[in-house]
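Letter by letter, the chains look like this.
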Amino acid sequence: WFAYRAGLTIVLPCGRRSGKSEFFTEVLIEDVMQYGKPCLYLASTQESAREIMWPKLRQRLLGNTNWTLHDSTLEAVYKPSQTPIRFRGVEKVDNLAGKAYRVVVADEYALWKKDPPTIVKQILAPMIADFDGILMYGSSKRGKNHLYELHQKALLNPDKYFVGDWTVFDNPFV
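Residues numbered from 1 in each chain as written. Predicted model: local features only at pLDDT ≥ 70, side-chain atom pairs only at ≥ 80, totals over all residues. Heavy atoms only, no water.

Draft legend 1. Just unusual backbone geometry, in detail. The backbone phi angle of Asp115 is positive, close to 50°, even though this residue is not glycine. In this structure, Asp115 sits in the loop between strand 6 (103-107) and helix 4 (116-129). Given a relative accessible area of 42%, Asp115 falls into the partly exposed group. Non-glycine residue Asp132 carries a positive phi angle of around 50°. In this structure, Asp132 sits in the loop between helix 4 and strand 7 (134-138). (Helix = DSSP H or I, 4+ residues; strand = E, 2+ residues; numbered from the N terminus. Buried < 20%, exposed > 50% of the residue type's maximum accessible area, 1.4 Å probe, protein only.)

Next up, the structure:
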């Protein structure tokens, strides 16, 4: 939580059911309420966003009259500022360019197929520039791939990155 508030890039190469989704849910909600700027949750596919993360956010906001939930577009809108949290899949990454977000969550980053480092450099990094935003990466480890390389880079740069690496046994939500 302190790393998010400090504005560090967050890298979470954690195990399954370790609490990444719950953490991302809380950060996205808090950020929209505090800053009034759009946020984006980006899964490996739109289907993953719909089936995994959307229900968690939906359940968390159920009954909260300050939020409107749009199941068809996978958007939760904070009514006081009319600010959305959007849920998308990286498979349609070309549709994402040109938008601005304060927080972008790159979830299951190890599963991203289409040159993930280039997507981050050419599309995601510019998205957060307008609001001096934050990138957050989460994924289960999948060998020595782009997540592994990011993890190693992050470990060498603690002034820029926060790295959390935990398992299901560390998850207070289970």
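Back to the write-up after that little detour.
Draft legend 2. Looking closely at the nonpolar core. Ranked by internal contacts, the top residues of the largest apolar core, which has 25 residues, are Tyr41, Leu57, Trp67, Ile85, Phe87 and Met136. Among the elements of the structure, helix 2 (20-35), strand 2 (39-43), helix 3 (46-61), strand 4 (75-78), strand 5 (83-89), strand 6 and strand 7 are those that each provide at least two residues to this core. (Core = buried A, V, L, I, M, F, W, Y, C linked by side-chain atoms within 4.5 Å.)

Draft legend 3. The pairing of strand 5, seen in detail. Within strand 5, six of the seven residues are buried, which leaves the element mostly enclosed by the surrounding structure. Where strand 2 meets strand 5, five bridges bridge the pair, whose relative direction is parallel. Looking at strand 5, one finds that Leu40 is bridged to Arg86. By the bridge criterion, four bridges tie strand 4 to strand 5 in an arrangement that is antiparallel. Residue pairing across strands places Glu75 opposite Arg86, the latter belonging to strand 5. Here strand 4 folds back onto strand 5 in antiparallel fashion, the turn holding four residues, of which Gln82 has a positive phi close to 55°. (Pairing = 2+ DSSP bridges.)

Draft legend 4. Summary view of the pattern of salt bridges. Under the criterion given, the structure shown has six salt bridges. Here Glu22 ties to Lys56 by a salt bridge, and the two come within 3.5 Å at their closest N and O atoms. With a gap of 34 residues between them, Glu22 in helix 2 and Lys56 in helix 3 connect regions that are remote in the sequence. Between Glu75 and Arg88 there is a salt bridge whose closest N-O contact spans 2.8 Å. One end of the pair, Glu75, is in strand 4; the other, Arg88, is in strand 5, with 13 residues separating them in the sequence. Ionic contacts of the salt-bridge type, sharing partners, join the residues Glu75, Arg86 and Arg88 into one network. (Salt bridge = Lys/Arg side-chain N within 4 Å of Asp/Glu carboxyl O.)

Draft legend 5. Region of the structure containing helix 5 (residues 146-156). If you check which residues of helix 5 are buried, you get His146, Leu147, Leu150, His151 and Ala154. Buried residues of helix 5, seen end-on, are gathered within an arc of 140° and therefore sit on one face of the element. Along helix 5, exposed side chains directed more than 90 degrees from the buried face belong to Glu149 and Leu156. (Arc of directions from axis to C-beta.)

Draft legend 6. Looking closely at the packing of aromatic side chains. Under the definition given, this model contains six aromatic pairs. Judged by centre distance (5.4 Å) and plane angle (40°), the ring pair of Tyr41 and Phe87 falls under tilted. Taken together, the residues span a long stretch of sequence, with Tyr41 in strand 2 and Phe87 in strand 5 at a distance of 46 residues. Across this residue pair, the class does not change: Tyr41 and Phe87 are buried. Cluster of aromatic residues (ring-pair linked, three or more members): Tyr41, Trp54 and Phe87. (Phe/Tyr/Trp six-rings, centres within 6.5 Å; stacked < 30°, edge-to-face > 60°.)

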